[in-house]
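Architecture at a glance
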Amino acid sequence: MWKGVSFSFQASGWGAELAHKLSRKCDVVNRGFSGYNSRWAKIILPRLIDCQNAAGGDIAAVTVFFGANDCALEDKNPQQHVPLQEYSENLKEISGLLAAAGVTPDKVVFITPPPLHEPAWEKECILKGSPLNRQNQVAGQYAQACVQAAGQCGSDVLDLWTLMQKDGQDYSVYLSDGLHLSEKGNQFVSQHLWELLQGRLDGLPFILPYWGDIDPQSPDSSLLS
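First, a word on what this report is: a plain description of the structure on this page. (Residues numbered from 1 in each chain as written. Predicted model: local features only at pLDDT ≥ 70, side-chain atom pairs only at ≥ 80, totals over all residues. Heavy atoms only, no water.)

**Things to note about the nonpolar core**
The line we're drawing: Definition of nonpolar core: a set of buried residues of the types Ala, Val, Leu, Ile, Met, Phe, Trp, Tyr and Cys, connected through side-chain atoms within 4.5 Å. Type-normalised accessible area, obtained with a 1.4 Å probe on protein chains alone, sets the label of each residue: buried when under 20%, exposed when over 50%, and partly exposed for intermediate values. Strands here mean DSSP runs of E at least two residues long; helices mean DSSP runs of H or I at least four residues long; both are numbered from the N terminus.
Membership of the largest hydrophobic core comes to 26 residues, with the highest contact counts inside it found for V64, Y87, L91, I94, L98 and F110. Those elements that place two or more of their residues in this core are α2 (38-48), β1 (62-65), α4 (84-100), β2 (108-111) and α6 (136-153). For this core, the leading source of residues is α6, giving 8 residues. By size, the runner-up hydrophobic cluster in this structure holds 22 residues, among which are L18, L22, V109 and V189.

Shown next, in the form of structure tokens:
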């Protein structure tokens, strides 16, 4: 699985939680790069996917998690900013690159950017000597574009921006600094992502037999058959 967030394998991270759930069934691989946007991701994606392995059916699922950097305000953070229309096209191009490598759209889950808690993130920006460089409303536009792109590609989508704000809940608890996921936010992503992935991954067979099923008199026959 390709993760769009490089911190997902930290302690209590959603990637680490998925790896735990899928222990001995498949490898959960982190291919997230801190600070990257969809423009840069589509350039490096061909390096990250082994076409032969993908075409052979070795990849069970891929997550594509971009938008939180793309939606940075152009006048405040031009380096990471990607225009909304280009962002949408980049996601569809990423889907096409995955499909060309044998990863069909039904194996892909797009994840929208989460909401942005502006007061907390503004404090972080000020500490770094810059003004507020993102807005929650703009993040929502990118989330909507992600949802639409996923539908056009025929893939599932986890709409964090909408789910975390559902029923007017305090979404700030899901964010450590207004932008990045907190421990509770990681748990939120893990729970909702697993609901999308469980049906296709939970039934994967164990890699190698359970220890109690190995013939102690002839382990080779159990382990190499």
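**Topic: the pattern of salt bridges**
Using the following cut-off: One speaks of a salt bridge when a side-chain nitrogen belonging to Lys or Arg is within 4 Å of a carboxyl oxygen belonging to Asp or Glu.
Counting across every chain of the model gives 6 salt bridges. With a closest N to O distance of 3.8 Å, K21 and E17 form a salt bridge. With K21 and E17 both in helix α1 (residues 14-21), this residue pair falls 4 residues apart, about one helical turn. Accessibility expressed as a relative area gives 33% for E17, which makes it partly exposed. Its salt-bridge partner being E93, residue K42 comes within 3.3 Å of it at the nearest N-O pair. Remark: E93 occurs in helix α4 and K42 occurs in helix α2; sequence separation between them is 51 residues.

**A look at the packing of α2 against α4**
Definition in use: In this analysis, axes come from line fits to C-alpha atoms, helices being fitted only over the stretch in contact, and the angle between any two N-to-C directions falls in the range 0 to 180 degrees. Oblique is the label for every angle not falling under 35 degrees (roughly parallel), over 145 degrees (roughly antiparallel), or within 65 to 115 degrees (roughly perpendicular). Handedness of a helix crossing follows the sense of rotation of the near helix relative to the far helix, less than a right angle counterclockwise being left-handed and clockwise being right-handed. Any two residues having at least one pair of non-hydrogen atoms within 4.5 Å are treated as being in contact. Residues were grouped as follows: Ala, Val, Leu, Ile, Met, Phe, Trp, Tyr, Cys and Pro as nonpolar; Asp, Glu, Lys and Arg as charged; and all remaining residues, including Gly, as polar.
Interaxial distance between α2 and α4 falls to 9 Å at its minimum, and their mutual angle equals 20°. The angle between α2 and α4 places the two elements in the roughly parallel class. Where α2 crosses over α4, the handedness of that crossing is left-handed. Judged by residue contacts, S38, R39, A41, K42 and L45 of α2 engage E86, Y87, N90, E93, I94, L97 and L98 from α4. Within the contact of α2 with α4, the residues separate by chemical class into 6 nonpolar, 2 polar and 4 charged.

**A short note on the packing of α1 against helix α8 (residues 183-201)**
For the pair α1 and α8, interaxial distance at closest approach is 8 Å and the crossing angle is 45°. It follows that α1 is oblique to α8 by the angle criterion. Like other packed secondary-structure pairs, α1 and α8 cross with a definite hand, here right-handed. Here α1 contributes W14, E17, L18 and K21 to the contact with α8, which in turn contributes N186, V189, S190, L193, W194 and L197. Here the residues of the contact of α1 with α8 sort into 6 nonpolar, 2 polar and 2 charged.

**Observations concerning the packing of aromatic side chains**
Let me state the cut-off plainly: Note on aromatic contacts: the rings of Phe and Tyr and the six-membered ring of Trp form a pair at centre separations within 6.5 Å, being stacked when their planes are under 30 degrees apart, edge-to-face when over 60 apart, and tilted otherwise. Placement of a positive charge over a ring is assigned whenever Lys NZ or Arg CZ falls within 6 Å of the ring centre and within 35 degrees of the normal to the ring plane.
Counting across every chain of the model gives 6 aromatic pairs. Ring centres of Y174 and F188 lie 4.7 Å apart, and the angle between their planes is 50°; this geometry places the pair in the tilted category. Linking Y174 in the loop between α7 (160-163) and α8 with F188 in helix α8, this pair joins segments that are 14 residues apart in sequence. With a relative accessible area of 8%, Y174 lands in the buried category. Measuring from ring centre to ring centre gives 5.6 Å for Y210 and W211, while their planes differ by 50°; the resulting arrangement is tilted. Ring pairs connect the aromatic residues F33, Y36 and W40, which therefore count as one cluster. The ring of F206 carries the charged tip of K25 above its face, separated from the ring centre by 5.5 Å.

Interpretation in functional terms is not warranted from these geometric data alone.
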